[in-house]
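# Structure at a glance
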Amino acid sequence: MIDLTAPASSSAPDLWTWLFYLLMIGITLWGVYIFLIAPIRKKRHILESIPYCPSLLLPQLPIERDKVIQVASHRLMQLNYRVNLFRLTCTCLRFRRFRQFYPENDIRRLCRHLRKELQNSGCTQQYDELTRGLIASRLRDACYVRETLSRSEMIVGFHPRSSIVRIYTYRKSQIDPQGGPFTGPVDKFTYNHRQDVWVYGEPPPNSEEILMVVDKLITACRARYPSPHKLPQRRGETLPTPIPATEAALAARERRERILSASRSTTPLQKP
Ligand SMILES: [Zn+2]
């Protein structure tokens, strides 16, 4: 006869124990992905992108800057990173994992600590205004190109796989003529290439000319980039509701497409 009052056998784990095991396995797999697989994949993407993505080189700072400076972490105040402005190196995790693989003096080497220290030490005064404007922003793009416009200048930041383009150029001041040159402060303007809309605010002055240059630039870079059909959609592309396209913007887009298709039929933008 079975004794129902006897305690359950302790050899078989109960449901809670199994859930605990599953949770532990999940946390371990998550940790392996976040701390091991994801950094390896990102490093591989960076190394692969270097031959295809143009960038900007910063002018070399004087040799007196070849020294180690302690910079406090913005998250953990008791932690200091060692930064060298001459060599553009830092001991933070992001620099060691990713940014150090960019070439010497490449602007993409600048982690948060290098950017802050360059600004605090006054070294950015040795750079031009557009470069200073770019450094004041977070450097998050794979490609940077500097372009001269008919009455202005800009730096374009983008990734061949992403439809988000960041443009750093001068704002129009009150005394500037309508068509430029523009003497306002350098600002960042964000453009969604796929949706053909400016997001986060008004377009830059002479936006029509800027977009024609951007179209050519991105088309050429995407044509060079390897296996675009195999590349997954980049995360973080979704932005808040863009400014709705006005009739004027739509007309400008049609005009731009007409001009671009005419230029494509005569001058190939990119060799295959
Ligand atoms: Zn750093």
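Scroll up a little and you will see the structure.
These remarks concern the structure in this document. Treat the numbers as computed from the prediction; the structure is a model and nothing was measured.

A few words on the coordination of the zinc ion. Protein ligation of the zinc ion involves Cys90 (SG), Cys92 (SG), Cys111 (SG) and His113 (ND1), the donor distances falling in the range 2.2 to 2.3 Å. Taken together, the 4 donor atoms surrounding the zinc ion define angles of 103 to 117° at the centre, an arrangement classified as tetrahedral. Read in sequence order, the donor residues for the zinc ion give the motif C-x1-C-x18-C-x1-H. Here His113 lies in helix α3 (residues 112-120) and Cys92 lies in the loop between β3 (89-90) and α2 (93-97), a separation of 21 residues in the sequence. Of the residues examined, Cys92 reaches a relative accessible area of 3% and is grouped as buried.

Okay, a nonpolar patch on the surface next. A cluster of nonpolar side chains, namely Trp30, Val32, Tyr33, Ile34, Phe35, Leu36, Ile37 and Ile40, defines an oily patch on the protein surface of about 770 Å² accessible area. Take Ile40: it is sitting in helix α1 (residues 15-49). By relative accessible area, Ile40 is classed as exposed at 53%.

So, on to the side chain of Asn192. Within the element layout of this structure, Asn192 appears in strand β7 (residues 186-192). Of note is the side chain of Asn192, whose polar atom sits 3.1 Å from the backbone nitrogen of Gln195. Apart from residues lying up to four places away in sequence, Asn192 is in contact with Ser163, Ile164 and Val197.

Within α3, burial applies to His113, Leu114, Arg115, Glu117 and Leu118. Against the buried residues of α3 lie β1 (69-72), β2 (80-84), β3, α2 and α4 (129-136). A positive phi of about 80° marks Gly122, the residue just after α3.

With 6 bridges connecting them, strand β4 (residues 143-148) and strand β5 (residues 153-158) associate as antiparallel partners. Bridging across to β5, Glu147 finds its partner in Met154. Hairpin connection from β4 to β5: 4 residues lie between these consecutive antiparallel strands.

Among all residues save glycine, negative phi is the norm, and among peptide bonds the norm is trans. Of the consecutive residues Gly180 and Pro181, the connecting peptide bond is found in the cis state with omega at 0°. Position of Pro181 among the secondary structure elements: in the loop between β6 (164-170) and β7. Its identity is not glycine, yet Leu88 carries a phi of approximately 55°, on the positive side. Positionally, Leu88 belongs in the loop between β2 and β3. Residue Leu88 is classed as buried on the basis of its relative accessible area of 2%.

What follows covers the pattern of salt bridges. The full count for this structure, using the stated rule, is 8 salt bridges. With a closest N to O distance of 2.8 Å, Arg87 and Asp66 form a salt bridge. With Arg87 in the loop between β2 and β3 and Asp66 in the loop between α1 and β1, this pair connects stretches of sequence that are 21 residues apart. Relative accessible area serves as the criterion here: at 27%, Asp66 is assigned to the partly exposed category. A salt bridge links Arg171 to Asp187; the nearest nitrogen and oxygen atoms lie 2.7 Å apart.

Calculation notes
Residues numbered from 1 in each chain as written. Predicted model: local features only at pLDDT ≥ 70, side-chain atom pairs only at ≥ 80, totals over all residues. Heavy atoms only, no water. Donors = N, O, S within 2.8 Å, 3.2 Å for Na, K, Ca; no water. Tetrahedral: all angles 85-135°; square planar, octahedral: opposite > 155°, others 65-115°. Helix = DSSP H or I, 4+ residues; strand = E, 2+ residues; numbered from the N terminus. Buried < 20%, exposed > 50% of the residue type's maximum accessible area, 1.4 Å probe, protein only. Patch = residues over 30% accessible without salt bridge, like charges linked within 9 Å, V, L, I, M, F, W, Y side chains within 5 Å. Areas by Shrake-Rupley, 256 points an atom, 1.4 Å probe, with all protein chains shown as cover. Salt bridge = Lys/Arg side-chain N within 4 Å of Asp/Glu carboxyl O. Polar contact = N/O pair within 3.5 Å; in protein donor to acceptor, adjacent residues only side chain to side chain. Contact = heavy atoms within 4.5 Å. Pairing = 2+ DSSP bridges.

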